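Spelled out from the first residue to the last, the chains are:
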Amino acid sequence: MIEFALLVFVWPLCVILAPVIAWSKGRSGCSFAILAVLFGPLAVLASMIVSPDPEIKIRKGLASGKLVRCVWCREPVHLDAAVCPHCQRDNP
Ligand SMILES: [Zn+2]
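Residues numbered from 1 in each chain as written. Predicted model: local features only at pLDDT ≥ 70, side-chain atom pairs only at ≥ 80, totals over all residues. Heavy atoms only, no water.

Caption draft 1: Spotlight on the overall build of the protein chain. Of the regular secondary structure elements, the protein chain holds 4 helices and 2 strands. Beginning at the N terminus, the succession of helices and strands in the protein chain can be written as α-α-α-α-β-β. Taken over the C-alpha trace, the protein chain has a radius of gyration of 20 Å; the compact-globule value for 92 residues is 12 Å, which it surpasses by more than 25%. Dimensions of the protein chain, computed from the C-alpha atoms along their principal axes, are close to 70 × 20 × 15 Å. Counting over 92 residues, the protein chain shows a buried share of 21%. Expressed as a percentage of contacts within the protein chain between residues at least 6 apart in sequence, the contacts between residues at least 24 apart total 30%. For the protein chain, the accessible surface area stands at approximately 6600 Å², while carbon and sulfur atoms represent 71% of it. Counting 9 positive and 6 negative side-chain charges, the protein chain places the centres of these two groups 4 Å from one another. (Helix = DSSP H or I, 4+ residues; strand = E, 2+ residues; numbered from the N terminus. Rg over C-alpha atoms; globule rule 2.2 N^0.38 Å. Buried < 20%, exposed > 50% of the residue type's maximum accessible area, 1.4 Å probe, protein only. Contact = heavy atoms within 4.5 Å. Areas by Shrake-Rupley, 256 points an atom, 1.4 Å probe, with all protein chains shown as cover. Lys, Arg positive; Asp, Glu negative; His and termini not counted. Charge placed at Lys NZ, Arg CZ, Asp CG, Glu CD.)

Caption draft 2: Representation of the packing of helix α1 (residues 2-24) against helix α2 (residues 29-39) in the model. The contact between α1 and α2 brings their axes to 8 Å, and the two run at 155°. By the criterion of interaxial angle, the relationship of α1 to α2 is roughly antiparallel. Crossing angle aside, the handedness with which α1 passes α2 is right-handed. Across the interface between the two elements, Trp11, Cys14, Val15, Ala18, Pro19 and Ala22 from α1 touch Gly29, Phe32, Ala33, Ala36, Val37, Leu38 and Phe39 from α2. (Axes fitted to C-alpha atoms, helices over the stretch in contact; angles between N-to-C directions. Parallel < 35°, antiparallel > 145°, perpendicular 65-115°, else oblique. Left-handed = near helix turned anticlockwise from the far one by under 90°.)

Caption draft 3: Expanded view of the environment of His78. Residue placement: His78 occurs in strand β2 (residues 76-78). Judged by relative accessible area, His78 falls into the partly exposed class, the value being 46%. Between the C-alpha atom of His78 and that of Leu62, which follows or precedes it by 16 residues, the distance is 9.3 Å. Contact partners of His78, with chain neighbours within four places excluded, come to Lys66, Leu67 and Val68.

Caption draft 4: Layout of the coordination of the zinc ion. Protein coordination at the zinc ion comes from Cys70 (SG), Cys73 (SG), Cys84 (SG) and Cys87 (SG), with a distance range of 2.3 Å. Between consecutive donors of the zinc ion, the numbers of intervening residues give the motif C-x2-C-x10-C-x2-C. Overall, Cys87 belongs to the partly exposed group, its relative accessible area being 26%. (Donors = N, O, S within 2.8 Å, 3.2 Å for Na, K, Ca; no water.)

Caption draft 5: Focus on the environment of Cys87. Summarising the element assignment, Cys87 is placed in the segment after β2. Between the C-alpha atom of Cys87 and that of Leu62, which follows or precedes it by 25 residues, the distance is 19 Å. In this view, Cys87 contacts Cys70, Trp72 and Cys73; residues no more than four positions away in its chain are not counted.

On their own, these measurements won't tell you what the molecule is for.
Structure (structure tokens):
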């Protein structure tokens, strides 16, 4: 009986939750949906453990104004940085 409840209620919930959590971290929702179909709750756990995409963090920093693009190399640097850590030039 417990196996039936697991298949009917918990598994579809995992197939919905895992891609949504992964997508919110900038990861591929489609691949986590496939993982959830195969592994169920383990895929939800994996989506909670996986680190956010670093590019998403950079985009959020640029949008909030905490990061700016270096005028020399166009890499994201902290707003208060006097010297770019990527190209070692002074930021105006
Ligand atoms: Zn630079």
